[in-house]
Amino acid sequence: METTRREKILDAALSLVAREGLAALTHRGTDAAAGLPLGSTSYYYRRKNDLLQAIIDRLAIRLQRESEVLKDTFTAILANQGHEVAFSFVADELVTCANEDRDLLIARLEIMLAASRDPDLNGATERLAQAAMRPMLFYLDLLAGQRADPDSAMSCAALLDGLMLPYATGQGTPPTATQLRAACSALLD
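Here the structure is a predicted model, which means the values were calculated and not measured. (Residues numbered from 1 in each chain as written. Predicted model: local features only at pLDDT ≥ 70, side-chain atom pairs only at ≥ 80, totals over all residues. Heavy atoms only, no water.)

Peer 1: Kindly report on empty space enclosed by the protein, identifying the contributing residues and their values.
Peer 2: Tallied over the entire structure, the rule returns two cavities of 30 Å³ or more. For the largest cavity, the calculated volume is near 450 Å³. In terms of lining residues, the largest cavity is bounded by 22 residues, among which L63, L94, C97, R108 and P135 are the most central. Put simply, the parts of the chain that give the lining of the largest cavity at least two residues each are α4 (48-81), α5 (83-100), α6 (102-115), α7 (124-144) and α8 (150-168). In terms of residue class, the lining of the largest cavity is built from 16 nonpolar, one polar and five charged. (1 Å grid on protein atoms, 1.4 Å probe; cavity = no way out; pocket = protein on both sides within 12 Å on 5 of 7 lines; lining within 4 Å. Points joined across faces, edges and corners; volume = space filled by probe spheres on them. Helix = DSSP H or I, 4+ residues; strand = E, 2+ residues; numbered from the N terminus. Nonpolar A, V, L, I, M, F, W, Y, C, P; charged D, E, K, R; others polar.)

Peer 1: If you had to explain the side chain of T41 to someone new, which residues and values would you point to?
Peer 2: With respect to the secondary-structure elements, T41 resides in helix α3 (residues 40-44). Its relative accessible area of 0% is what places T41 among the buried residues. Within polar-contact distance, the side chain of T41 engages the side chain of D31 at 2.5 Å. T41 has contacts with I9, H27, T30, D31 and L51, leaving out every residue within four places of it along the chain. (Buried < 20%, exposed > 50% of the residue type's maximum accessible area, 1.4 Å probe, protein only. Polar contact = N/O pair within 3.5 Å; in protein donor to acceptor, adjacent residues only side chain to side chain. Contact = heavy atoms within 4.5 Å.)

Peer 1: Can you break down the nonpolar core residue by residue, with the values?
Peer 2: L22, L25, L51, I55, I111 and L121 are the most contacted members of the largest nonpolar core, which totals 59 residues. Elements supplying a minimum of two residues to this core: α1 (5-20), α4, α5, α6, α7 and α8. Sequence-distant contacts of I111, defined by excluding residues within four places in its chain, comprise V17, L22, L52, I55, I56, L59, L121, A124 and L128. (Core = buried A, V, L, I, M, F, W, Y, C linked by side-chain atoms within 4.5 Å.)

Peer 1: Summarise the pattern of salt bridges; cite the residues concerned and give the values.
Peer 2: Summed over all chains, the structure comprises six salt bridges. R127 is the partner of D57 in a salt bridge, and the nearest nitrogen-oxygen pair spans 2.3 Å. Within this pair, whereas D57 is found in helix α4, its partner R127 is found in helix α7, the two being separated by 70 residues in sequence. Exposure remark for D57: the relative accessible area of 34% places this residue in the partly exposed category. Here the residues in one salt-bridge network are E7, D11, R58 and R62, joined through shared partners. (Salt bridge = Lys/Arg side-chain N within 4 Å of Asp/Glu carboxyl O.)

Peer 1: Tell me what's going on with the packing of aromatic side chains, and back it up with residues and numbers.
Peer 2: For the structure on display, the rule yields two aromatic pairs. When the ring of Y43 is compared with that of Y44, the centres are 5.0 Å apart and the planes differ by 90°; the resulting orientation is edge-to-face. The interplanar angle of 45° and the centroid separation of 6.4 Å between the aromatic rings of Y44 and Y45 together place this pair among those described as tilted. In this structure Y44 comes out as partly exposed when scored by relative accessible area, which is 26%. The exposure class assigned to Y45 is buried, which follows from its relative accessible area of 6%. Joined through ring pairs, the aromatic side chains of Y43, Y44 and Y45 make up one cluster. (Phe/Tyr/Trp six-rings, centres within 6.5 Å; stacked < 30°, edge-to-face > 60°.)

Peer 1: Tell me what's going on with the environment of N99, and back it up with residues and numbers.
Peer 2: With respect to the element layout, N99 can be found in helix α5. In this structure, the C-alpha to C-alpha distance between N99 and P174, residues 75 residues apart in sequence, is 9.4 Å.

Peer 1: Outline the side chain of R108, supporting the account with residue identities and numerical values.
Peer 2: Within the secondary structure layout, R108 lies in helix α6. Separated by 2.6 Å, the side chains of R108 and D161 make a polar contact. With residues up to four places along the chain from it excluded, the contact list for R108 reads L59, L63, L128, A132 and D161.

Coordinates in, geometry out; function isn't part of it.
If you want it as structure tokens, here you go:
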């Protein structure tokens, strides 16, 4: 699938936010990061807030797409190989995401922190938290064999973010399957 100019701009803006923070997000900076002529970002997004809202939308959609792919594999592994292998799969996928999609994790956390201080970002925290929680709710439902409590799913997502943050920021080692299992299992008891 060919990347559109708009997608190229949003992906470059996501990377820019992850690398340098929201303060570095400018139209010119995004054009340069995307390798596009000056004015390209402004053509699609007149105001910085428009660009930021589009980044939030793009991030939420990417998180949802990735979780859909993981759900199918997780379901098959759980049914055919059991809980232990399923937990190991989730652990491996989280580490893979931290390596390959580090920018998504950092940008999501950066935007959520900024939203706590900026009323123009009202709703961003909720949207991104829901996008991160959705796969946790699915996993917990399957692991528990019953409908999981949304508060448990949110707690699990928060615990996993906490385990991933030091690794994603280069301050720690990857979380282990044992740590991830403990975080999820504690919520199922």
